[in-house]
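Residue strings, one per chain:
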Amino acid sequence: HDTNSQTYSDMLGNQLLPIDSMHYDNKFKEVSHGPTVSFEYDNQLFLFQLRGKAHPTFLSSDNTQYTHSEHNSYNATNYQANARMEVKMHGKKNKLALSYSGANNLPSPTSISTEINYSDPMNIRVGNPRLKASFTHQAVAEYTIGSLLSLSSSFEWIDNQKTTLSIIDRNTGARTSMDTN
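Residues numbered from 1 in each chain as written. Predicted model: local features only at pLDDT ≥ 70, side-chain atom pairs only at ≥ 80, totals over all residues. Heavy atoms only, no water.

Draft legend 1. Representation of the overall build of the protein. Along the protein, the regular secondary structure elements total zero helices and 13 strands. Seen in sequence order, the protein has helices and strands lined up from the N terminus as β-β-β-β-β-β-β-β-β-β-β-β-β. Within the protein, the proportion of its 181 residues that are buried is 25%. Within the protein, contacts between residues at least 6 apart in sequence are counted, and of these 54% link residues at least 24 apart. Total accessible area computed for the protein in this model is approximately 12000 Å², and 54% of it derives from carbon and sulfur atoms. (Helix = DSSP H or I, 4+ residues; strand = E, 2+ residues; numbered from the N terminus. Buried < 20%, exposed > 50% of the residue type's maximum accessible area, 1.4 Å probe, protein only. Contact = heavy atoms within 4.5 Å. Areas by Shrake-Rupley, 256 points an atom, 1.4 Å probe, with all protein chains shown as cover.)

Here it is in structure tokens:
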């Protein structure tokens, strides 16, 4: 038995296998580029702003564990949109502002990898190839009365929100975690 290795009960074969906790190599790369478009109209009583970007993105990861290597890469698009409208009232003393912002969050290649990360035998990470990009929406309404009082309300919701599913093995205490929507 090698004293530089840890042992872990393999759940599939119920055998004790050496696990080298330092023998997991992961390289991650993200390349994103693209235009941002902006428009603004302001006539002292009414302000309207629009901003948006759509950046094509290339994501890749290379995982090496023992003699097994895996390369994951995919192309996706990062989206972001912002809109704001302000109306000044009562001699420009009061202002009503409405705004919206939305952006997606792409999963990393390691999150969708099929390689199992045993680098910490008590906290095993499993990728989820079916993981989807999440999209966050935020809407804000604000009413300002002079320079004394401002009332605001906001609402945020996330489509395909990512969460972590964890399963704990009762015999070993090891946690196996996977990101999911």
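There's plenty left to go through after this.
Draft legend 2. Molecular detail of the packing of aromatic side chains. What the rule picks out here adds up to three aromatic pairs. With a centroid separation of 6.4 Å and an interplanar angle of 50 degrees, the aromatic rings of Tyr-41 and Phe-46 are classed as tilted. Aromatic pair Phe-155 and Trp-157: ring centres 5.2 Å apart, planes at 35 degrees, arrangement tilted. (Phe/Tyr/Trp six-rings, centres within 6.5 Å; stacked < 30°, edge-to-face > 60°.)

Draft legend 3. Expanded view of unusual backbone geometry. For Gln-44, which is not a glycine, the phi torsion comes out positive at approximately 80 degrees. By secondary structure assignment, the location of Gln-44 is in the loop between strand 4 (36-42) and strand 5 (46-65). One non-glycine residue with positive phi stands out, namely Asn-160, at about 55 degrees.

Draft legend 4. Up close: the pattern of salt bridges. Considering all chains together, one arrives at three salt bridges under this definition. Measuring nitrogen to oxygen at the nearest pair gives 2.9 Å for the salt bridge that ties Glu-86 to Arg-84. Residues Arg-125 and Asp-179 are paired through a salt bridge, measuring 3.3 Å at the closest nitrogen-oxygen approach. Of the two residues, Arg-125 is situated in strand 9 (residues 123-126) and Asp-179 in strand 13 (residues 175-180); the sequence distance between them amounts to 54 residues. We classify Arg-125 as partly exposed; its relative accessible area is 34%. Each member of the salt-bridge network shares a partner with another, and the members are Arg-125, Lys-162 and Asp-179. (Salt bridge = Lys/Arg side-chain N within 4 Å of Asp/Glu carboxyl O.)

Draft legend 5. Just a nonpolar patch on the surface, in detail. On the surface, Ile-145, Leu-148, Leu-149 and Leu-151 cluster together into a nonpolar patch covering about 410 Å² of accessible area. With respect to the secondary-structure elements, Ile-145 resides in strand 10 (residues 134-145). (Patch = residues over 30% accessible without salt bridge, like charges linked within 9 Å, V, L, I, M, F, W, Y side chains within 5 Å.)

Draft legend 6. The arrangement of the confidence of the model for the protein in detail. On average, residues of the protein carry a pLDDT of 80, and 81% of them reach 70 or more. The spread of mean pLDDT over the elements of the protein runs between strand 1 (residues 6-9), the lowest at 42, and strand 10, the highest at 95. Low confidence marks residues 1-23, where pLDDT is under 50. Its contacts with residues over four positions away, or in another chain, come to 36 contacts. (pLDDT = per-residue confidence, 0-100.)

Draft legend 7. Geometry of the side chain of Thr-144. Within the secondary structure, Thr-144 sits in strand 10. By relative accessible area, which is 16% here, Thr-144 ends up buried.

Draft legend 8. Spotlight on the sheet that holds strand 12 (residues 163-168). Taken in spatial order, the four strands make up an open sheet running 8-9-13-12, and their pairing is mixed. Each end of this open sheet is capped by a strand with a single partner; those strands are strand 8 (116-117) and strand 12. In this sheet, strand 13 lies alongside strand 12 in antiparallel orientation, the contact comprising six bridges. Across the sheet, residue Thr-163 finds its bridge partner in strand 13, namely Thr-180. (Pairing = 2+ DSSP bridges.)

Draft legend 9. Region of the structure containing the nonpolar core. Core analysis: the biggest nonpolar cluster contains six residues, these being Leu-59, Tyr-74, Ala-76, Leu-106, Ile-112 and Leu-131. Once you skip the residues sitting within four places of it in the chain, Ile-112 turns out to touch Asn-72, Tyr-74, Pro-107, Gly-127, Asn-128, Pro-129 and Leu-131. (Core = buried A, V, L, I, M, F, W, Y, C linked by side-chain atoms within 4.5 Å.)

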